[in-house]
Amino acid sequence: MNELLDAILDLVQGVDPVLRTALAGLFIMLETTILLGLIVPGDTVVLVASTAVDSPAEYWALTITVIVGALTGASLGFAIGRFFGPRLRASRLGRRLGEKNWQRAERFLDHRGGIAVFISRFVPVLHSLTPLVVGMSGLRYRTFMLWLTPACILWAFAYVTVGSAAAEGYRSIAEQLDYAAVIFVAVIAGFWLLVFAVKKLLDRYVGRFADHPGDGDASTRDD
């Protein structure tokens, strides 16, 4: 199994570092723009790209690029929501997502304000919808960025650090242990399970404010 993992990691590392980093930033930007986050696996691309990190310079370049990509995509989503939001929501694409999801994002934002922006970065569907909904709301762009930036930083460091550390750890023990690949897979799987658990918990938190009209306290809004 080590041989198979070596081949995969070598294939990723064989991609030009500049191109690899740029692609990760591009995919994460697309993930947070309009509704492309529902079909573009930006987190997977970032995690795969991080396994090829070979130096501190590459680590920081990838992390910063991912952060910038996420903020750029969200900014584009905000602008689209501000100028075209209602038409997009009424379009075929917007209807396919479901009015329930639009209302869920709106209610959570109404009740939690800036905190909703921060949390939405880690919740499926909401991380694509929230920039649009914020653009259609009265929340200022500066406030949107103040809450979103730390969320994107935390997200980027988590994925790049885990991916690069797992790959580096594997390479350091691959020659000594025949089951080193199993350890690598277990680390990545454990990370995915942790991410899944965190997303589920945050989704339940969102549900307290967004899934039942009239529930929650609008006075708790923090923007």
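The coordinates are above.
Just so it is clear, the model here is predicted, and its values are computed rather than measured.

(A) Highlighting the pattern of salt bridges. Applying the stated criterion across every chain, the model contains six salt bridges. Two residues, Arg 121 and Glu 31, come together in a salt bridge whose shortest N-O distance is 3.2 Å. On the criterion of sequence distance, the pair formed by Arg 121 in the loop between α7 (114-120) and α8 (126-136) and Glu 31 in helix α2 (residues 17-31) is long-range, its members being 90 residues apart. Pair check on accessibility: Arg 121 and Glu 31 agree, each one buried. Notably, a salt bridge pairs Glu 106 with Arg 89, separated by 2.5 Å at the nearest N-O pair. Here Glu 106, found in helix α6 (residues 99-112), pairs with Arg 89, found in helix α4 (residues 56-90); they are 17 residues apart in sequence, far enough to count as distant. Classification of Glu 106 by relative accessible area gives partly exposed; the value is 26%.

(B) A look at α6. Look at α6: 20 Å from first C-alpha to last across 14 residues, which is about the 20 Å you get at 1.5 Å a residue. Among the residues of α6, Trp 102, Arg 104, Ala 105, Phe 108, Leu 109, His 111 and Arg 112 are the ones counted as buried. Packing partners of the buried residues in α6 comprise α4, α5 (92-97), α7, α8 and α10 (180-210). Where α6 terminates, the next one or two residues include Gly 113, which has phi positive at roughly 55°.

(C) A look at a negative patch on the surface. A surface patch of like charges, here negative, comprises Glu 3, Asp 6, Asp 10 and Asp 178. Here Asp 6 lies in helix α1 (residues 2-13). Look at Asp 6 and you get partly exposed, because its relative accessible area is 31%.

(D) Region of interest: the layout of surface pockets. Of the pockets and cavities examined, the second largest pocket occupies roughly 220 Å³. Lining the second largest pocket are 14 residues, with Leu 5, Ile 8, Leu 9, Thr 51 and Phe 184 sitting closest to its centre. Mapped onto the lining of the second largest pocket, the elements with two or more residues apiece are α1, α3 (42-50) and α10. With five residues, α1 is the largest single contributor of residues to the lining of the second largest pocket. Along the lines of polarity and charge, the residues of the lining of the second largest pocket split into twelve nonpolar, two polar and no charged.

(E) A look at the environment of Phe 191. Tracing the backbone shows Phe 191 in helix α10. Residue classification places Phe 191 among the buried residues on the basis of a relative accessible area of 11%. The spacing of Phe 191 and Met 145 is 46 residues in sequence and 27 Å in space, taken between C-alpha atoms. In contact with Phe 191, not counting residues within four places along its chain, are Leu 47, Ala 158, Tyr 159 and Val 162.

(F) Looking closely at the packing of aromatic side chains. Applying the stated criterion across every chain yields a total of 15 aromatic pairs. Between Phe 78 and Phe 144, the aromatic rings sit 5.5 Å apart at their centres with planes inclined by 20°, giving stacked as the arrangement. A residue pair is termed long-range when its members are at least 10 positions apart, and Phe 78 in helix α4 and Phe 144 in helix α9 (residues 141-173) qualify at 66 residues. Residue Phe 78 shares its accessibility class with Phe 144, and that shared class is buried. Both rings, one in Phe 108 and one in Phe 209, keep their centres 6.3 Å apart while their planes meet at 40°; by these two values the pair is tilted. One end of the pair, Phe 108, is in helix α6; the other, Phe 209, is in helix α10, with 101 residues separating them in the sequence. Members of the aromatic cluster, each reached through a chain of ring pairs, are Trp 155, Tyr 159, Phe 191 and Trp 192. Over the aromatic face of Trp 155 sits the side chain of Arg 121, whose NZ or CZ is 4.7 Å from the ring centroid.

(G) View of the environment of Asn 2. Along the polypeptide, Asn 2 turns up in helix α1. Sequence separation of Asn 2 and Pro 17 is 15 residues, and the distance between their C-alpha atoms is 23 Å. Dropping the residues within four chain positions of it, Asn 2 is found in contact with Tyr 170, Ala 174, Leu 177, Asp 178, Tyr 179, Ala 180 and Ala 181.

What counts as what
- Once a new chain begins, its residue numbering starts again from 1 and follows that chain's sequence as written.
- Note on the predicted model: pLDDT of at least 70 is required for a residue's local features to be given, and 80 or more for side-chain atom pairs to be given and counted; whole-chain, interface and lining totals, by contrast, use all residues.
- Hydrogens and waters are ignored; side-chain quantities use all the structure's heavy atoms.
- The working definition used for a salt bridge is a side-chain nitrogen of Lys or Arg within 4 Å of a carboxyl oxygen of Asp or Glu.
- Under the DSSP-based scheme used, a helix requires at least four consecutive residues in state H or I and a strand at least two consecutive residues in state E, with every element numbered from the N terminus.
- With a 1.4 Å probe rolled over the protein chains alone, any residue whose accessible area is under 20% of its type maximum counts as buried; one over 50% counts as exposed, and the rest are partly exposed.
- Every helix has an expected span of 1.5 Å times one less than the residues it contains.
- When checking whether two residues touch, look at their non-hydrogen atoms; a contact exists if any pair is within 4.5 Å.
- Surface patches are drawn from residues lacking salt bridges whose relative accessible area is over 30%; two like charges belong together within 9 Å, two nonpolar side chains (Val, Leu, Ile, Met, Phe, Trp, Tyr) within 5 Å.
- All accessibility values rest on the Shrake-Rupley procedure with a 1.4 Å probe; residue burial counts only the protein chains present in the view.
- When charges are counted, Lys and Arg are positive and Asp and Glu negative, with His and the chain ends excluded.
- A charge is said to be at NZ when it belongs to Lys, at CZ for Arg, at CG for Asp and at CD for Glu.
- Using only the protein atoms, space was sampled on a 1 Å grid; points where a 1.4 Å probe fits but cannot get out form cavities, open sets with protein on both sides within 12 Å along at least five of seven lines form pockets, and lining residues are those with an atom within 4 Å of a point.
- Grid points are joined across faces, edges and corners, and a volume is the space filled by probe spheres set on the points.
- In this classification, the charged set is Asp, Glu, Lys and Arg, the nonpolar set is Ala, Val, Leu, Ile, Met, Phe, Trp, Tyr, Cys and Pro, and all remaining amino acids, among them Gly, are polar.
- Each aromatic pair joins two rings of Phe, Tyr and Trp (for Trp, the six-membered one) with centres within 6.5 Å, and gets the label stacked for planes under 30 degrees apart, edge-to-face for over 60, and tilted for any other angle.
- Whether a charge lies above a ring is judged from NZ of Lys or CZ of Arg, which has to be within 6 Å of the ring centre and within 35 degrees of the ring normal.

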